[in-house]
Amino acid sequence: MVRLYLSVLILILDVTSAHAQWSMNPWRSTTITDVGGYGHEHILTRTSNGSVVIGWSESFAVNRDVQAQCVDPKGVVLWKTNGVDVCVEAENQLIGAIVPDAVGGVTIYWSDYRSGEPDIYMQRLDKSGVPMLASNGIPVFESAANRTIVSAISDGKGGTILLWNELENQRYALNTQ
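Reading the values: the criteria
Residues numbered from 1 in each chain as written. Predicted model: local features only at pLDDT ≥ 70, side-chain atom pairs only at ≥ 80, totals over all residues. Heavy atoms only, no water. Helix = DSSP H or I, 4+ residues; strand = E, 2+ residues; numbered from the N terminus. Contact = heavy atoms within 4.5 Å. Pairing = 2+ DSSP bridges. Axes fitted to C-alpha atoms, helices over the stretch in contact; angles between N-to-C directions. Core = buried A, V, L, I, M, F, W, Y, C linked by side-chain atoms within 4.5 Å. Buried < 20%, exposed > 50% of the residue type's maximum accessible area, 1.4 Å probe, protein only.

**Q** I tried to follow the side chain of T107 on my own but got confused; where do I start?
**A** With respect to the secondary-structure elements, T107 resides in strand β6 (residues 106-112). Every residue in contact with T107, bar those within four places of it in the chain, is listed here: A97, I98, V99, M122, Q123 and R124.

What follows is the structure, encoded as structure tokens:
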């Protein structure tokens, strides 16, 4: 009878450890993407449900696109293999910030060069990595200008405080709102 209990305990421990992805071995890691592009500007944040969302700008040829992936607290990759496309417009998109919301999703901000001059765009992803705004994001500001995202944080009330550089009268200004 003791042998049966011991066998069941070993089986339970073995099955439980098979589902955990985080490794104590520094030579074994969780792969976020392996599509062969080169990742730039890597950012991560913890969501309200304890998962981690990783965002990056990835270049395959000339232009950089914004990608994102979510990993749960056990180290299991949650979104589609190699991440979700946040923005894949022509020209460069350089990730700037990821701000978590109260329901496990995030809002991602980036500097976008689709019009020639940089401006700040955003995309909201739900906890499953599904884009909630227009494909390839929406501009943060109503008027186009030479703006690049520096950082962003939650205001604690469901909004975001942005920090950005803006070229005004041949001089850069650091702005927040």
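Read on, since the account is not over.
**Q** Can you walk me through the sheet that holds strand β10 (residues 160-168) in this structure?
**A** Strand-to-strand pairing in sheets goes through backbone hydrogen bonds, with the strands running parallel or antiparallel. If you walk across this open sheet you meet the three strands as β9-β10-β11, and the pairing is antiparallel. For this open sheet the edge positions go to β9 (147-154) and β11 (171-176), each flanked by a neighbour on one side alone. The average undirected angle you get between the axes of adjacent strands in this sheet is 15°. Where β9 and β10 come together, seven bridges link them in antiparallel fashion. Each residue of the ladder has a partner; that of T148, found in β10, is N165.

**Q** I'm lost on the nonpolar core in this one. Help?
**A** General note: in soluble globular proteins, nonpolar side chains tend to be found buried as a group. Judged by nonpolar contacts, the single largest core of 15 residues is most densely connected at V66, A68, W79, V86, I108, W110 and L125. Contributing elements (two or more residues each) for this core: β3 (64-71), β4 (84-87), β5 (93-100), β6 and β7 (119-125). Beyond its immediate stretch of four places on either side in the chain, V66 contacts W56, S57, V84, D85, V86, C87, Q93, I95, I108 and W110. By size, the runner-up hydrophobic cluster in this structure holds ten residues, among which are Y109, I120, M122 and F141.

**Q** It is not clear to me how unusual backbone geometry should be interpreted in this structure. Could you clarify?
**A** Negative phi values dominate among residues other than glycine, just as trans dominates among peptide bonds. Even without being a glycine, E91 presents a positive backbone phi close to 75°. Assignment of secondary structure puts E91 in the loop between β4 and β5. One non-glycine residue, N136, lies in the positive phi region at around 70°. Positionally, N136 belongs in the loop between β7 and β8 (138-139). You can call N136 buried: its relative accessible area is 14%.

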